[in-house]
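Residue-level listing of the chains:
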Amino acid sequence: ICLSDEGDVVQKGCYCRGDAGAVHLDCLIELCSYRSTRPDVEQPWQKCETCNAVFSGRTGTKIAASWFDKVSARDPDDRTRIDALFCLSCHIEDEVLANRYTAEVLAARTRTLGPEHIDTLWAAKTLAISHRLLGKFPEAIELCSQTVDTMKRVLGAGDLATLSTCNDLACIYRLTGRIDEALAIQKEVVDETTKVLGPENYQTLSALCELADILREKGDLGPAMAQVEALLATRRRVQGCQHPETIATANSLSIIYMKLERYEEARALAKELMEQSVVVKGETHVDNTTIQANLGLFTLLAGRAEEAEPIQRDAVEKAELSRGYDPTILLFIKASHGLALARLGRYDEAVPLLQATHARQSANESVGPEHTSTLRTASFLGEALVAQGKIGEGRALLVETLATQTRVLGADVYETRETAKRLAKCP
């Protein structure tokens, strides 16, 4: 349906490509509104009628906002209003607001449907993800674990909703350094999901991506890279290059390139992703800031400190202005910026920044002193102190950090090797 020759042409954010994926946003909203009046159409505001994929990116956000605007005046326990609010919470960029909306949906569904209804459990799963995105890891682990247990009892261990929530729990464990627990869960998720849905279903692809991220953090970079490259090829073919999940997979590959010290390849891929992500999600989306921070770090590690520093400084400023930006990622971005300042000889800025960042990471109950990010910052700080001329203090910190990384992460992982290199360069 097209009601006008004018207006912004956008990509639907589904699996449709070319002319089939390009629409006037206002026309698409009108189509969704019309489809919502037909009882034979399921999820008219959420899914493309052609490919049946969920709308994503800026298009998904604007459609969700239009839907909620039409029903927001209804009773808080009205089923359609609850569903529209849930759809909006899954799309909006403001993660603090999304968290509040999702909590409201969970409370309403618990009242109206009961605590063990599939829609209630799905809201609980989504709220756990929102807690994770806000860096509220203890809350995320507690809620996600409870939801997994309930789903296993009510729906069964092999149910797709249960497997999807297990995938979420594995992701939270990975981000909090519980790699072995994450790996055990995710291997089972991948096996069961592939068996039920096949190798190219979107849920199988998401499970494979999380498994690759776990392998990457465990230090198994060869298997991780092979899996992500194959996954990326599949997503580009099935979902298209500009689909948000394709971009996320490519971002995972860029991090693997970094850990393999293929910095120029990582930098080139991140630069490409920045351009694609801005088109898909908009200039100010938080995911763009994370990709920009990665680009700055890869540029720095490629030996281009002068080029990297303004990229990282801008990423820090954007992250600080974003409501609900994950504080653990913000600290990582600040640490990377501190390293850039140190390599430019700006020690009076670099050392205090790295010291403050390391102290905040060590004190954070979601991260702690032995988390990968905290140890990485300690390694950056050791390098900065040595370069500043505080050789004894810097060397001592590098020795301590290397011993902890070897014990916690292993001697062969990227972060441990980098600290060993810094220590070897000490006078």
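Here, every reference points to the structure presented above.
All figures in this text were calculated on a predicted structure; none of them were measured in a lab.

Undergrad: What is the right way to read the pattern of salt bridges from this model?
TA: Side chains that carry opposite charge are capable of pairing whenever their charged atoms lie near each other. Overall, the coordinates contain 35 salt bridges when judged by the stated rule. Residues Arg 111 and Asp 77 are paired through a salt bridge, measuring 2.5 Å at the closest nitrogen-oxygen approach. Here Arg 111 is found in helix α4 (residues 95–113), whereas its partner Asp 77 is found in the loop between α2 (57–71) and α3 (79–89), with 34 residues between them in sequence. Residue Asp 77 is classed as partly exposed on the basis of its relative accessible area of 32%. Linking Lys 334 and Glu 320 is a salt bridge whose minimum nitrogen-to-oxygen distance equals 3.0 Å. A residue pair is termed long-range when its members are at least 10 positions apart, and Lys 334 in helix α15 (residues 327–343) and Glu 320 in helix α14 (residues 305–321) qualify at 14 residues. Judged by relative accessible area, which is 15%, Lys 334 ranks as buried. Via salt bridges that share partners, Arg 174, Glu 210, Asp 213, Arg 216 and Glu 217 belong to a single interconnected network.

Undergrad: How should I be thinking about the nonpolar core in this particular structure?
TA: Where a protein is soluble and globular, its nonpolar side chains tend to be buried together. Residues Leu 28, Ile 63, Ile 185, Leu 253, Met 258, Leu 300 and Ile 333 are the most contacted members of the largest nonpolar core, which totals 108 residues. Counting five residues, the second largest nonpolar core, distinct from the first, contains Val 386, Leu 398, Leu 402 and Cys 426.

Undergrad: Honestly, a nonpolar patch on the surface in this entry has me stumped. Any pointers?
TA: Taken together, the side chains of Ile 118, Trp 122, Val 154 and Leu 155 make up a nonpolar region of the molecular surface, amounting to roughly 270 Å² of accessible area. Considering the arrangement of structural elements, one finds Trp 122 in helix α5 (residues 118–133). In this structure Trp 122 comes out as partly exposed when scored by relative accessible area, which is 31%.

Undergrad: Mind showing me how you'd approach the packing of helix α11 (residues 244–259) against helix α12 (residues 263–281) here?
TA: A pair of packed helices is captured by two measures, namely the crossing angle of their axes and the spacing between those axes. Their axes nearest at 9 Å, the elements α11 and α12 cross at an angle of 160°. The angle between the axes of α11 and α12 places the two elements in the roughly antiparallel class. Along this stretch, α11 crosses α12, giving a crossing that reads as left-handed. Only Tyr 263, Glu 265, Ala 266, Leu 269, Leu 273, Gln 276, Ser 277, Val 280 and Lys 281 of α12 make contact with α11, whose side of the interface consists of Pro 244, Ile 247, Ala 250, Asn 251, Leu 253, Ser 254, Tyr 257 and Met 258. When the residues that make up the contact of α11 with α12 are grouped by side-chain class, the tally is eleven nonpolar, four polar and two charged.

Parameters at a glance
- Residues numbered from 1 in each chain as written.
- Predicted model: local features only at pLDDT ≥ 70, side-chain atom pairs only at ≥ 80, totals over all residues.
- Heavy atoms only, no water.
- Salt bridge = Lys/Arg side-chain N within 4 Å of Asp/Glu carboxyl O.
- Helix = DSSP H or I, 4+ residues; strand = E, 2+ residues; numbered from the N terminus.
- Buried < 20%, exposed > 50% of the residue type's maximum accessible area, 1.4 Å probe, protein only.
- Core = buried A, V, L, I, M, F, W, Y, C linked by side-chain atoms within 4.5 Å.
- Patch = residues over 30% accessible without salt bridge, like charges linked within 9 Å, V, L, I, M, F, W, Y side chains within 5 Å.
- Areas by Shrake-Rupley, 256 points an atom, 1.4 Å probe, with all protein chains shown as cover.
- Axes fitted to C-alpha atoms, helices over the stretch in contact; angles between N-to-C directions.
- Parallel < 35°, antiparallel > 145°, perpendicular 65-115°, else oblique.
- Left-handed = near helix turned anticlockwise from the far one by under 90°.
- Contact = heavy atoms within 4.5 Å.
- Nonpolar A, V, L, I, M, F, W, Y, C, P; charged D, E, K, R; others polar.

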